[in-house]
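Below are the chains, spelled out letter by letter.
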Amino acid sequence: MPNHTLAPVSDFLYGTAWKEERTPVLVELALRMGFRGIDTANQRRHYFEAGVGQGLAAAYAAGLSRADLFLQKKFTYRTGQDHRLPYDPAASLPVQVAQSMASSLEHLGTDYVDSYVLHGPASGHGWSRADVEVWEAMIQERDAGRTRLLGVSNVSLRHLEQMSESHAELPAFVQNRCFARLGWDREVRSFCGERKITYQGFSLLTANPEVLQHPLVVELAAGSKATPAQVIFSFARSIGMLLLTGTSNADHMKQDLASVNIILLTRSNLWWAKAAAS
C-alpha cells in the first residue's frame, strides 16, 4: 500500500456538482477562501471532475499541497450517468469500479483519494446483489491504497440495516440530502451515531428554504450577529454532521466557513435543536 501523508477529514466539504465550465475557477476560489475538503464524482452528467483537477492544479501552483486536502469522489451506476461514461458499460461491476477510480485519479492529478463513495444504491428498495458486488470492489480499491476511506450516499435506513445484516463492512461516511421536515434525516443519523459513522449532510440550505425564513432562525441569527445560513450550519454541526456547501459566491464561502465560530447557546435554540433533530 502506498505510504501517503494522510490529511485529516475536513469539517466542511466544498461540493462541485452542477458547476460545468465554472468548476476550475470555483474550486480554486473555494481553496483560496479556506476550504480543504472537496467533494466530486466521476459522473459527467452532474459533475465536471476534470475541471476539479484543473482547479486543484492551480491551487498547487499557488503553494497548496495535496497533503493539505481531503478529496472525496464517487462511483455512479450506469443508470445515474449520461452517455459520457467513465467506464466500459459492458464490463463487470468490479471492473467499472476500478475504471472509474483510475479515471478519477487521472482527472484529479493524484494517486489516491481520501474517500470513495457509492453515489447511491442500485435500487431504492434495498441493498442489492449489485451493491454487494460494487462495495466489495470498492473495498479492494481501499486495500490497494487508492482510497483511505469508503462511504455511501443517498441511502435509506433500510439500505444501511440490510448492509449491516449482511455483515458487510460498514462505511466511514453516509452522505445524504438533509430535510428539516424529516427531522434532519433523524433515523439515518441515529444509525450512524450508534456505529460511529460520520454523517455528511448536503442541500442543508437549498432543501430547506422555509427554515432559513423561520422566525426563530432569524432571531438567532440577529442575536448571534450571523446569517440564517450560518445558524443552520452551526446547528447541523452541533448535532454531529460533516457539512457540504456548493455556493459559488466568495462572500458566502467565507461566511459558511466562519459558521464554525458561531455557538448557539440560547434557551430557545436548545429547544429548537431538540425539537428539530430528535
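Residues numbered from 1 in each chain as written. Predicted model: local features only at pLDDT ≥ 70, side-chain atom pairs only at ≥ 80, totals over all residues. Heavy atoms only, no water.

J.: An account of unusual backbone geometry is requested, with residue identities and associated values reported.
T.: In this model, Asp185 sits at a positive phi of 60°, which is unusual for a non-glycine residue. Along the chain, Asp185 turns up in the loop between strand S6 (173-177) and helix H6 (186-194). In this structure, Lys196 takes a positive phi of about 60° despite not being glycine. Turning to its location among the elements, Lys196 is positioned in the loop between H6 and strand S7 (198-202). Judged by its relative accessible area of 77%, Lys196 falls in the exposed class. (Helix = DSSP H or I, 4+ residues; strand = E, 2+ residues; numbered from the N terminus. Buried < 20%, exposed > 50% of the residue type's maximum accessible area, 1.4 Å probe, protein only.)

J.: Please provide a residue-by-residue account of helix H9 (residues 228-238), values included.
T.: When you tally the buried positions in H9, you get nine out of eleven residues, the bulk of the element. Count one or two residues on from H9 and you reach Gly240, which has phi positive near 100°.

J.: Now, about the nonpolar core: what can you tell me, with residues and values included?
T.: In summary, soluble globular proteins display a tendency toward joint burial of nonpolar side chains. The biggest cluster of nonpolar side chains holds 60 residues, and the ones touching the most others in it are Val152, Val174, Trp184 and Leu204. Filtering out sequence-adjacent residues up to four positions away, Val174 remains in contact with Val152, Val155, Leu160, Val188, Cys192, Ile197, Thr198, Tyr199 and Gln200. Counting residues in each nonpolar core, the second largest holds six residues, with Leu13, Phe173, Leu242 and Leu244 among its members. (Core = buried A, V, L, I, M, F, W, Y, C linked by side-chain atoms within 4.5 Å. Contact = heavy atoms within 4.5 Å.)

J.: Break down the sheet that holds S7 for me, with residues and values.
T.: Reading around the circumference, S1-S2-S3-S4-S5-S6-S7-S8 is the order of the eight strands in this closed barrel, with parallel pairing throughout. Each strand of the sheet is rotated relative to its neighbour by a mean of 30°, with strand direction disregarded. Judged from the four bridges that link them, strand S3 (residues 70-75) and strand S4 (residues 113-118) form a sheet pairing that is parallel. For Lys73, the partnering residue across the bridge sits in S4 and is Tyr116. The strands that helix H3 (residues 93-108) touches are S3, S4 and strand S5 (147-153); relative to S3, the one it contacts most, it runs at about 145°. (Pairing = 2+ DSSP bridges. Axes fitted to C-alpha atoms, helices over the stretch in contact; angles between N-to-C directions.)

J.: Which residues make up the packing of aromatic side chains, and what values do they have?
T.: Within the structure shown, the criterion is met by eight aromatic pairs. Ring centres of Phe12 and Phe35 lie 5.6 Å apart, and the angle between their planes is 80°; this geometry places the pair in the edge-to-face category. Taken together, the residues Phe12 in strand S1 (residues 12-15) and Phe35 in the loop between helix H1 (23-33) and strand S2 (37-39) connect sequence positions 23 residues apart. Considered together, Phe12 and Phe35 belong to a single accessibility category, that of buried residues. Ring centres 5.9 Å apart and planes at 80° place the aromatic pair Phe70 and Phe173 in the edge-to-face group. Of this pair, Phe70 sits in strand S3 while Phe173 sits in strand S6; the two residues are 103 residues apart in sequence, bridging distant segments of the chain. Each residue in the set Phe12, Tyr14, Phe35 and Phe233 is aromatic and connected to the rest through ring pairs, giving one cluster. Sitting over the ring of Tyr112, Arg66 keeps its end group 4.1 Å from the ring centre. Here the guanidinium or amino end of Arg195 rests over the ring plane of Phe191, the centre of that ring lying 3.7 Å away. (Phe/Tyr/Trp six-rings, centres within 6.5 Å; stacked < 30°, edge-to-face > 60°. Lys NZ or Arg CZ within 6 Å of the ring centre and 35° of its normal.)

J.: With reference to specific residues and values, describe the side chain of His159.
T.: On the secondary structure map, His159 appears in helix H5 (residues 157-165). On the basis of relative accessibility, which here comes to 4%, the residue His159 falls in the buried class. Excluding residues that lie within four positions of it along the chain, His159 makes contacts with Pro121, Ser123, Gly124, His125, Gly126 and Trp127.

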